[in-house]
Amino acid sequence: ETLDATGLHILPGAIDVHVHFREPGYTHKEDFGTGTAAAAFGGVTTVFDMPNVIPPTGTAEALAAKHKLASEKAYVDYGLYGLLGEDTIAHVPDLVASGVIGFKLYMGNTFGNIPSPTTGGMLEAFEVVAPTAKRVSLHAETASIMARRESRLRAAGRKDPLAHLAARPAVVAVEAVSRAAVLSEWTGCRIHVLHISSAEELRPLAEAKARGVDVTGETCPQYLLLGAEDYGRIGPVIRVNPPVREARNQAPLWAALKSGVVDMIATDHAPHIPDEKVRDDIFTVDCGFPGVETQMPLMLTEVAAGRMSISDYVRWSAVNPAKAWGLYPHKGILQPGAHADIAIVDLKRAWTIDDQKLQSRAKITPWHGRAVTGLPVHTLVRGRFVMKDRTLVESARGTGRSVHTVQDMPAPRVANPDAAMTEIVKIPASSRGDAATGA
Ligand code: DOR
Ligand code: ZN
Ligand code: ZN
């Protein structure tokens, strides 16, 4: 096969560590075929799929079923998250043996009504995962506060779309990130903070990194590029968990990416169909929207506008995700010996996002009508075309593979927070008498 790439640029395929491809259980929204086709069109060559499906991916049986579905349909490579909750702690060894890329823990409730563990349950879960070296990705929001606040607003008859924004103060994320960081520090369990949406939660994240906690963070295009003033223009489609917040949060999120406090961009690709997204009562609208297909064009537009460099983008979309999940140097980089996971892009192409043309089964997004500059023209996974000239390569269906087989996570650093604590507060270890000191 020959290819004329005159005028095009070659980037490492993006690694999107946060997608919901809805299978099994919600295939009217998406499946591994449509979801990974969307990834291929978005220049994304590896995705990590979330476990909030039916049944939740919390047992070896459920995981095996999902591996089968994905391997039969996927156009791009994938990792599967195992669900980490109080009732799945006992399944951790089996899940690891059956091939998870990592675990997902819901500190707050979201789509699928997955129960959130107590703090004690989380501690136990982290203790069990730590020796497996896997990373635990967190939906870091305090459960009860948001549920209660939202039902109070609902009871008060608030219909204004901004009520949802008001219903979700950033403190629920600040508290959750802080608590998770402490549990990570004491257990050595690696963590990843999903969908960072506010300036406020950057502080506990930065502090944890400064203490040496093995924590990574992601933000999403919707938090970098949208703000509260977009609710009126976009309508209920914009509803997502966590919510798009006031525009004042955007600059600190960009700065955190540049300084390395936030490591990467993921999308939280969370497709729902139009019937589930467009409702008069915003409280009944399903949260989330597709993103895997529009992330690269949206971000390349920011490159064209001079807001970041192309190497910033590659670091946040490919290099850092690969490093955090032990896929580097096989994935996330173009070099001899690495997998040829490649997005060939036209950095100059100006076009307008049209949700009817999305590969995703959920043909509705807040990005509809947005002018962008930059388009993936061809996508290759391990050297084979999966999307060529903006056309899906049908024969690539079922060629995507689980990347847990290439994952190499070194044993976590042995945490010794007790020593740090003694230093800071000057409490003689001998007088503490708790189990952690061995006294
Ligand atoms: O908006 C969201 N949608 N946030 C989540 O945490 C879950 C996701 C979904 O699965 O729909
Ligand atoms: Zn989430
Ligand atoms: Zn999500």
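The rules we used
- Within each chain, residues carry numbers counting from 1 in the order of the written sequence.
- Here the convention is simple: chains get letters from A, ligands get numbers from 1, in the order in which they are written.
- Since the coordinates come from a predicted model, pLDDT governs what is reported: local features require at least 70, and pairs of side-chain atoms require 80 or more to be given and counted, while whole-chain, interface and lining totals use all residues.
- Each side-chain value is worked out from all heavy atoms of the structure, with water and hydrogens disregarded.
- Each metal's donors are the N, O and S atoms found within 2.8 Å of it, except that Na, K and Ca use a 3.2 Å limit; water is left out, so coordination can look incomplete.
- Put simply, DSSP H or I for four residues or longer makes a helix, DSSP E for two residues or longer makes a strand, and each gets a number counted from the N terminus.
- In this scheme, a residue with accessible area under 20% of its type's maximum is buried, one over 50% is exposed, and one in between is partly exposed, where area comes from a 1.4 Å probe on protein chains only.
- At least two DSSP bridges between two strands are needed for those strands to be called paired.
- Residues are called lining when one of their atoms sits within 4 Å of a cavity or pocket point, these points coming from a 1 Å grid over the protein atoms alone, where a cavity is a set in which a 1.4 Å probe fits but cannot get out and a pocket is an open set with protein on both sides within 12 Å along at least five of seven lines.
- Grid points are joined across faces, edges and corners, and a volume is the space filled by probe spheres set on the points.
- Think of it as three bins: nonpolar holds Ala, Val, Leu, Ile, Met, Phe, Trp, Tyr, Cys and Pro, charged holds Asp, Glu, Lys and Arg, and polar takes everything else, Gly as well.
- Per-residue confidence from the predictor is reported as pLDDT, which spans 0 to 100.
- A contact between two residues is defined here by any heavy atoms of the two lying within 4.5 Å.
- Each patch is assembled from residues with relative accessible area greater than 30% and no salt bridge, linking like charges that lie within 9 Å and nonpolar side chains (Val, Leu, Ile, Met, Phe, Trp, Tyr) that lie within 5 Å.
- For the accessible areas, the method is Shrake-Rupley and the probe is 1.4 Å, while residue cover comes only from the protein chains on display.
- By definition, a salt bridge exists where a carboxyl oxygen of Asp or Glu is found within 4 Å of a side-chain nitrogen of Lys or Arg.
- The charge count includes Lys and Arg as positive and Asp and Glu as negative, but it does not include His or the ends of the chains.
- A single reference atom marks each charge: NZ on Lys, CZ on Arg, CG on Asp, CD on Glu.

Draft legend 1. Layout of the coordination of the zinc ion (ligand 2). H139 (ND1) and H195 (NE2) make up the full set of protein donors to the zinc ion (ligand 2), lying at 2.0 to 2.1 Å. A distance of 3.6 Å spans the gap from the zinc ion (ligand 2) to the zinc ion (ligand 3). With a gap of 56 residues between them, H139 in strand β6 (residues 135-139) and H195 in the loop between β7 (190-193) and α8 (202-210) connect regions that are remote in the sequence. Each member of the pair, H139 as well as H195, carries the same accessibility label: buried.

Draft legend 2. Summary view of the sheet that holds strand β12 (residues 384-388). Ordered by their spatial adjacency, five strands build an open sheet running β1-β10-β11-β12-β13, and the pairing between neighbours is antiparallel. Whereas interior strands pair on both sides, the edge strands pair on one side only; in this sheet they are β1 (9-12) and β13 (391-392). Pairing geometry for β12 and β13, over two bridges, is antiparallel. Counterpart to M387 in the pairing with β13 is L392.

Draft legend 3. Up close: the sheet that holds β6. The eight strands are arranged β2-β3-β4-β5-β6-β7-β8-β9 in an open sheet whose pairing can be described as parallel. Edge strands, defined here as strands with exactly one partner in the open sheet, are β2 (14-19) and β9 (264-265). The sheet contact formed by strand β5 (residues 102-106) and β6 spans four bridges and is parallel. Bridging across to β6, K104 finds its partner in S137.

Draft legend 4. Inspection of the layout of surface pockets at higher detail. If you add up the space inside the largest pocket, you get close to 570 Å³. Lining the largest pocket are 32 residues; nearest its centre among them are N109, T110, F111, N241 and C287. Broken down by secondary-structure element, the contributors of at least two residues to the lining of the largest pocket are β5 and α5 (143-155). Among the elements that take part in the lining of the largest pocket, α5 stands out by supplying six residues, more than any other. A class-by-class count of the residues in the lining of the largest pocket yields ten nonpolar, 14 polar and eight charged. F41, E293, T294, W351, T352, I353, D354, K357, L358, Q359 and R390 are the residues that line the second largest pocket.

Draft legend 5. Just the pairing of β6, in detail. With respect to burial, β6 is a largely interior element, five of its five residues being buried. Along β6, one buried face is formed by R135, S137 and H139 and the opposite face, lined by V136 and L138, is buried too.

Draft legend 6. View of the coordination of the zinc ion (ligand 3). At the metal site, the zinc ion (ligand 3) is ligated by H18 (NE2), H20 (NE2) and D268 (OD), and these contacts range over 2.0 to 2.2 Å. Here the donor residues of the zinc ion (ligand 3) are spaced in sequence according to H-x1-H-x247-D.

Draft legend 7. Summary view of the confidence of the model for the protein chain. Mean pLDDT over the protein chain works out to 92, with 90% of the residues at or above the 70 mark. The model gives residues 435-439 a pLDDT under 50, and that stretch makes six contacts with residues more than four places away or in other chains. Predicted complex, confidence summary: ipTM 0.98, pTM 0.93.

Draft legend 8. Local environment of empty space enclosed by the protein. Enumeration over the complete set of coordinates arrives at five cavities of 30 Å³ or more. It is β12 that contributes the most residues to the lining of the largest cavity, three residues altogether. Looking at the lining of the largest cavity residue by residue, the class counts come to four nonpolar, one polar and two charged.

Draft legend 9. Representation of a negative patch on the surface within the structure. A cluster of acidic side chains, namely E86, D87, E124 and E127, defines a negative patch on the protein surface. Assignment of secondary structure puts E86 in the loop between β4 (77-83) and α3 (92-97). Of the residues examined, E86 reaches a relative accessible area of 42% and is grouped as partly exposed.

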